[in-house]
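Residues per chain, in single letters:
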Amino acid sequence: MKPSKKPNIIYIFADQWRKQAVGFMGEDPVITPNMDRFAEQSLVFNHALSCTPLCSPHRAALMTGKYPQSNGVYTNCKIGADVMLSPDEVCVGDALQSAGYQTGYIGKWHLDLPEVNLCDEPASGARDWDAFTPPGPKRHGFDFWYSYGAYDHHLKPHYWRDTPEMIQVEQWSLEHETDIALEYIRSKSDNSEPFALFVSWNPPHSPFELVPDVYKEIYKDKELSLRPNVSSERLAAHTGEPFESGDEALQRYTRDYFAAVSGMDEQFGRIWQEVQQLGISENTLIVLTSDHGELMGSHGLMAKHSWHEESIGIPCLMNWTGTIQKGSTDLLFNSVDIMPTLLGLAGIPVPDTVEGLDLSTHILGNSNAEVSSAFICAFPGRKEAIEHFTACGLDNRQYGWRGIRTSQNTYIVHKGYVPGAEVERLLYDHEQDPYQLNPRVIKDAQEDELVIALEAELKSWLRRTNDSFDL
């Protein structure tokens, strides 16, 4: 049964934090004592996924419960692409506000059109991909606002409230945003109306080196053991951008990345401790998760946007003392499922526009139904790629890759990020090949019963999402 009283919601998500990079998983050698203790008292998702492992697409899916094919945010909101979250979309903040929640958003938004796409020198001071999102429909129901668009100077962040006046800060962004979050939680903890606070941390997103020295010291001069699928010789993003390569560079990236995660652990511990001290844990749902992963040299790749587990796999922990049973679940939990599931847990009707699943009954232990597959996808979105496809009379959104992730397999059809690329079909077995080193290359989609079934499942997802990707 669902509780009669709506819970407070504290939804915390970091940027580019992969599921392997937390101590309790026993994979990356990263130190996270607070999150490890939190995991012992929470529901841990073993198969939480980013449907499109890139910042803006995941965020749009989180907010709307819709896939990029439907909400239009198929790539990052950036210079050279008129991509943004439409004010007309029905988002989780809108639904929570309408249901009587006090709502707040802190940190990275990255769902608005960069202001320099419209004006060379915006009054807000926003530059590059950044944007001040003014009060109104583009904030999608969030009353309290302390946010920015996209800005990666983690040690000297800036924010906007309700005017274009930029708030510039000399403090690590993650620590500062936690300070603001604690103020918000304290101010709302005694109110009769429930609150919903979304905290969007940018670290451990690159630049990896922009992390306080106190956390770097934890990993200083350590030679870290890396994943068996790591190659440092020619590092590049999946979309082609080169990175400084070699063992020394990769060790440096990794140490700084882990340092940021350890710093994040300390800041999360502050929020968790505050909820306990305020005595509101029994009526507060805390979610700790991420928008997508970080490849960090796996398969010779950096960043995200690939179908590999280090890219699509995200940590996800849910805690609601006395209501959600602690333990772990193998439930497939995709980006688009977050919004309807949060609403389901709060007892709020899910809007008809939503394409994801309300898995609240599963989480509350009232359903044993299986979620058989999750749809994952990515699209060419770099300015140069869009222009190249356009010059060839092609729609870039019909390319990239699409895939099916089940508990046992990942099946991918990759049509490339440039016109004329050869189509690849790849099948991974998670049990037999946990590091995805030996994909089965599929030459014929009718090869055997498993491939036929996965191809049919992928076609079904393409129909459901009105995706014109041609198999």
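All values reported here derive from a predicted model rather than from experimental measurement.

Trainee: Is there a simple way to think about helix α7 (residues 247-277) in this case?
Mentor: The periodicity of an α-helix, 3.6 residues per turn, causes residues three or four places apart in sequence to face the same way. If you check α7, its first and last C-alpha atoms are 45 Å apart, about what 31 residues at 1.5 Å a residue would give, namely 45 Å. Extensive coverage of α7 is indicated by the burial of 23 of its 31 residues. Within two residues after α7, Gly-279 carries a phi angle of roughly 75°, on the positive side.

Trainee: Would you mind showing me how to read the pattern of salt bridges here?
Mentor: Any two side chains of opposite charge can pair, on the condition that their charged atoms come close. Scanning the model with the defined rule gives 24 salt bridges in all. Note that Glu-309 is salt-bridged to Lys-19, the shortest N-O span being 3.3 Å. Of this pair, Glu-309 sits in helix α8 (residues 309-312) while Lys-19 sits in the loop between β1 (8-14) and α1 (33-40), placing them 290 residues apart in sequence. The exposure class assigned to Glu-309 is buried, which follows from its relative accessible area of 8%. Of the residues examined, Lys-19 reaches a relative accessible area of 10% and is grouped as buried. Arg-252 is the partner of Glu-248 in a salt bridge, and the nearest nitrogen-oxygen pair spans 2.7 Å. Residue Glu-248 and its partner Arg-252 are located together in helix α7, separated by four residues, close to a single helical turn. Assessed through its relative accessible area of 28%, Arg-252 is described here as partly exposed. Here the salt bridges share partners, and the residues they tie into one network are Asp-15, Arg-59, Lys-108 and Asp-291.

Trainee: Help me understand α1 in this model?
Mentor: Taken residue by residue, α1 has Asn-34, Met-35, Phe-38 and Ala-39 as its buried positions. Down the axis, α1 shows its buried residues gathered within 135° of arc, on one side only. Looking at the buried positions of α1, the neighbouring elements they touch are β2 (43-48), α7, β9 (284-290) and β11 (316-319).

Trainee: Can you walk me through the sheet that holds strand β15 (residues 409-416) in this structure?
Mentor: Across a sheet, paired strands are connected by hydrogen bonds in the backbone, their directions being either parallel or antiparallel. If you walk across this open sheet you meet the five strands as β13-β14-β15-β16-β17, and the pairing is antiparallel. Two strands in the sheet have a free side with no partner beyond their single neighbour: β13 (374-378) and β17 (440-441). As paired strands, strand β14 (residues 400-405) and β15 are joined by six bridges and run antiparallel to one another. Bridging from a neighbouring strand, Arg-405 pairs with Thr-410 of β15.

Trainee: How do you make sense of empty space enclosed by the protein when you look at a structure like this?
Mentor: Take a probe with the size of a water molecule and roll it over the atoms, and the empty space left behind shows itself. As enumerated under the stated definition, the model contains three cavities of 30 Å³ or more in all. Looking at the largest cavity, the residues that line it are Tyr-11, Ala-48, Leu-49, Val-287, Thr-289, Ile-314, Cys-316, Met-318, Phe-333, Asn-334 and Ile-338. Classifying every residue of the lining of the largest cavity gives nine nonpolar, two polar and no charged.

Trainee: When you look at the side chain of Arg-139 in this model, what are you seeing that I'm missing?
Mentor: Position of Arg-139 relative to the elements: it lies in the loop between β3 (102-108) and β4 (144-148). Using a relative accessible area of 3% as the deciding quantity, one classes Arg-139 as buried. At 2.6 Å, the side chain of Arg-139 and the side chain of Asp-162 are in polar contact. Ignoring anything within four residues of it in the chain, the contact list for Arg-139 reads Trp-109, Phe-132, Thr-133, Pro-134, Trp-145, Arg-161 and Asp-162.

Trainee: Looking at this structure, how should I read the packing of helix α2 (residues 55-64) against helix α9 (residues 335-345)?
Mentor: The description of two helices packed together rests on the angle between their axes and the distance between the axes. It is at 6 Å that the axes of α2 and α9 come closest, and there the two elements cross at 30°. Classified by the angle their axes make, α2 and α9 are roughly parallel. With respect to the hand of their crossing, α2 and α9 are arranged in right-handed fashion. Along its contact with α2, which presents His-58, Ala-61, Leu-62, Met-63 and Thr-64, the element α9 presents Ser-335, Val-336, Ile-338 and Met-339. Residues that form the contact of α2 with α9 fall into these classes: six nonpolar, three polar and no charged.

What counts, and at which threshold
- Residues numbered from 1 in each chain as written.
- Predicted model: local features only at pLDDT ≥ 70, side-chain atom pairs only at ≥ 80, totals over all residues.
- Heavy atoms only, no water.
- Helix = DSSP H or I, 4+ residues; strand = E, 2+ residues; numbered from the N terminus.
- Expected span 1.5 Å × (residues − 1).
- Buried < 20%, exposed > 50% of the residue type's maximum accessible area, 1.4 Å probe, protein only.
- Salt bridge = Lys/Arg side-chain N within 4 Å of Asp/Glu carboxyl O.
- Arc of directions from axis to C-beta.
- Contact = heavy atoms within 4.5 Å.
- Pairing = 2+ DSSP bridges.
- 1 Å grid on protein atoms, 1.4 Å probe; cavity = no way out; pocket = protein on both sides within 12 Å on 5 of 7 lines; lining within 4 Å.
- Points joined across faces, edges and corners; volume = space filled by probe spheres on them.
- Nonpolar A, V, L, I, M, F, W, Y, C, P; charged D, E, K, R; others polar.
- Polar contact = N/O pair within 3.5 Å; in protein donor to acceptor, adjacent residues only side chain to side chain.
- Axes fitted to C-alpha atoms, helices over the stretch in contact; angles between N-to-C directions.
- Parallel < 35°, antiparallel > 145°, perpendicular 65-115°, else oblique.
- Left-handed = near helix turned anticlockwise from the far one by under 90°.

Fair warning: the whole summary comes from geometry, so function is off the table for now.
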